[in-house]
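Structural overview for review
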Amino acid sequence: MTTPEARLGVRTDLIGVTPYTSPQQSARYRMNTNESPYAPPERMVDEIVEEIKEVALNRYPDRDAGELYDLLSQHLEWPRSGLWIANGSNEVLMHLFLAFGGPGRTSLTFEPSYSLHTLIPSIAGTATVQTMRTHDLSFDVEAAVGVVREQQPDIIIVCSPNNPTGDVTPRSAVRALLEESPGLVIVDEAYGDFAGDDASARSLIKDHPNLVITKTFSKAWRLAGVRIGYLMAHEDVISDLMRVRLPYHLSVPTQVVGRAALRHAGETLRFVHAICEERDRIAIELQALGLKTYPSQANFVLFEVDDPEETWGELIHRDILVRAYPSVPRLEHCLRVTAGLAEETEAFIGAMREIA
């Protein structure tokens, strides 16, 4: 009989790693996880249901997801050889770190940013160097380049628009990192659809084969429950990723939904502008209450309050759930609210007026 003392323990480098958690507390207005409040188009859902009825679920899916890749390539006007699809952009990042990270390699992040940019490298055995943004939470390219020269990281991660601040990293700043980096530069554009095509760094891939752009269907595409993400990169990056792909990792339902979403891309993405309008409305209304907001090109607004714990509690008392950052350096006084339906904005702003 194996004693507790003899039990195989977790890897020593994972002992200090805290599991990712995102509050899923019940609330009428769930404005904390940056999901779209809009359900997918009804016609698209009907097509998915009919197709699922016809497929052989007792058989493995298309290993290479050929039709899904073809449709995504057409939509993006990007060669199929430069695409990689996985179960959400988090799995895309995991594949990248399994292939290009690992023991003896380091990644560089610019904090505060998306917490998975530190957690995923840790899971893959990659050391992370965290450097801070400026005191106003903006991206300082000169300081960033200096850190790259000093640390020589194998992988750099830039979130643009950044979560949770919402600002876009200028293309010129990404180019500067690419020119200094000895390895990969990953630009996470999960919220890029809300910032527009001009904000994307994808045009830099042609001249910089060490650039990777990651994207997701969870936000603007209204498919957070499906888990589809992808990346755009030089074909050599894709060839190396094949080494870490598990067999049949894209299920039949995932491929069916992904294909349907791309066939209905125009209809699926049609609420992006409406969400951006609500985002800007939230920022203006909060500023009118005398609160500091951070410029956002994503689908959320980060703002400061004197007592975030009390404000969060007052909001949840009114059935409104937002995100708080009590233990994140430089975000201790911040809350983040997701933009969505007009009625959600009205409920949130009305509550903030009462609280103020």
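Please refer to the structure placed before this passage.
Residues numbered from 1 in each chain as written. Predicted model: local features only at pLDDT ≥ 70, side-chain atom pairs only at ≥ 80, totals over all residues. Heavy atoms only, no water.

**Details of the sheet that holds strand S11 (residues 323-324)**
This is how it is decided: Strands are labelled as partners when DSSP assigns at least two bridges between them. We count a stretch as a helix when DSSP gives it H or I for four or more residues in a row; a strand needs E for two or more, and each element gets its number in order from the N terminus. A contact between two residues is defined here by any heavy atoms of the two lying within 4.5 Å. To get an axis, a line is fitted to the C-alpha atoms, and for a helix only the part in contact is used. The angle between two axes follows their N-to-C directions and goes from 0 to 180 degrees.
Strand order in the open sheet formed by three strands is S9-S12-S11, and the pairing between neighbours is antiparallel. Of all the strands in the sheet, the pair left with one neighbour each is strand S9 (300-304) and S11. Sheet topology note: the S11/strand S12 (residues 334-338) ladder contains two bridges and is antiparallel. Looking at the pairing, Ala 324 lines up with Leu 335 of S12. Across the sheet, helix H11 (residues 272-288) is in contact with S9 and S12; its angle to S9 comes to roughly 15°.

**Considerations on the state of the cysteines**
What counts, and what does not: In this description, the term disulfide denotes a pair of cysteine sulfurs within 2.5 Å. Each residue is placed in one exposure class: buried if its accessible area under a 1.4 Å probe, protein chains only, is under 20% of its type's maximum, exposed if it is over 50%, and partly exposed if it falls in between.
Throughout the structure, instances matching the rule amount to zero disulfides. Cysteine Cys 276 shares no disulfide, and the gap to the nearest cysteine sulfur, in Cys 159, comes to 16 Å. Residue Cys 276 is classed as buried on the basis of its relative accessible area, which comes to 10%. The thiol of Cys 334 is unpaired, and the distance to the nearest cysteine sulfur, on Cys 159, comes to 16 Å.

**Quick word on the packing of aromatic side chains**
We apply this condition: Each pair of aromatic rings taken from Phe, Tyr and Trp, with Trp reduced to its six-membered ring, is defined by centres within 6.5 Å and is described as stacked if the planes are under 30 degrees apart, edge-to-face if over 60, and tilted in the remaining cases. Criterion for a charge above a ring: Lys NZ or Arg CZ within 6 Å of the ring centre, and within 35 degrees of the ring normal.
Counting across every chain of the model gives seven aromatic pairs. Taken together, the aromatic side chains of Phe 217, Trp 221 and Tyr 230 make up a single cluster linked through ring pairs. Just above the ring of Phe 300 sits the side chain of Arg 336; from NZ or CZ to the centre is 5.5 Å.

**Examining a negative patch on the surface**
Where we set the bar: To count toward a patch, a residue needs a relative accessible area above 30% and no salt bridge. Like charges then connect within 9 Å, nonpolar side chains (Val, Leu, Ile, Met, Phe, Trp, Tyr) within 5 Å. Working definition of accessibility: Shrake-Rupley area with a 1.4 Å probe, residue cover restricted to the visible protein chains. For this analysis, a salt bridge means a side-chain nitrogen from Lys or Arg found within 4 Å of a carboxyl oxygen belonging to Asp or Glu. A positive count includes Lys and Arg, and a negative count includes Asp and Glu. His and the chain ends are not counted in either. Note on charges: their place is set at NZ of Lys, CZ of Arg, CG of Asp or CD of Glu.
A cluster of like negative charges, contributed by Asp 306, Asp 307, Glu 309 and Glu 310, occupies part of the molecular surface. Checked against the element boundaries, Asp 307 lands in the loop between S9 and helix H12 (308-317). Assessed through its relative accessible area of 35%, Asp 307 is described here as partly exposed.

**Describing the layout of surface pockets**
Put simply, the rule is: A cavity here means a set of points on a 1 Å grid, drawn over the protein atoms and nothing else, where a 1.4 Å probe fits but cannot get out; a pocket is an open set with protein on both sides within 12 Å along at least five of seven lines, and a residue lines either one if it has an atom within 4 Å of a point. Grid points are joined across faces, edges and corners, and a volume is the space filled by probe spheres set on the points. Basically, the charged four are Asp, Glu, Lys and Arg, the nonpolar ten are Ala, Val, Leu, Ile, Met, Phe, Trp, Tyr, Cys and Pro, and anything else, Gly included, counts as polar.
Its volume calculated, the second largest pocket comes out at about 380 Å³. For the lining of the second largest pocket, the elements supplying multiple residues, two or more each, are helix H2 (66-76), helix H7 (192-195), strand S7 (211-216) and strand S8 (229-233). With three residues, the top contributor of residues to the lining of the second largest pocket is H7. In the lining of the second largest pocket, the residues fall into 10 nonpolar, five polar and five charged.

**Looking at helix H13 (residues 342-355)**
Inclusion rule: Here the expected span of a helix is defined as 1.5 Å times the quantity of residues minus one. Working note: the arc is built from the helix axis to C-beta atom directions.
A rise of 1.5 Å per residue sets the reference length of H13, with its 14 residues, at 20 Å; its end C-alpha atoms lie 20 Å apart and thus fit the reference within 8%. Those residues of H13 that fall on the buried side of the exposure criterion are Glu 344, Thr 345, Phe 348, Ile 349, Ala 351 and Met 352. All buried residues of H13 fall inside an arc of 160° around its axis, so they share one side. Looking at the buried residues of H13, the elements they touch are strand S1 (29-30), H11, S9, H12, strand S10 (320-321) and S12.

**Details of the side chain of Thr 169**
Summarising the element assignment, Thr 169 is placed in the loop between strand S5 (155-159) and helix H6 (171-180). Residue Thr 169 is classed as buried on the basis of its relative accessible area of 2%. In this structure, Thr 169 is in contact with Arg 133, Phe 139, Val 158, Cys 159, Ser 160 and Val 174, ignoring residues within four places of it in sequence.

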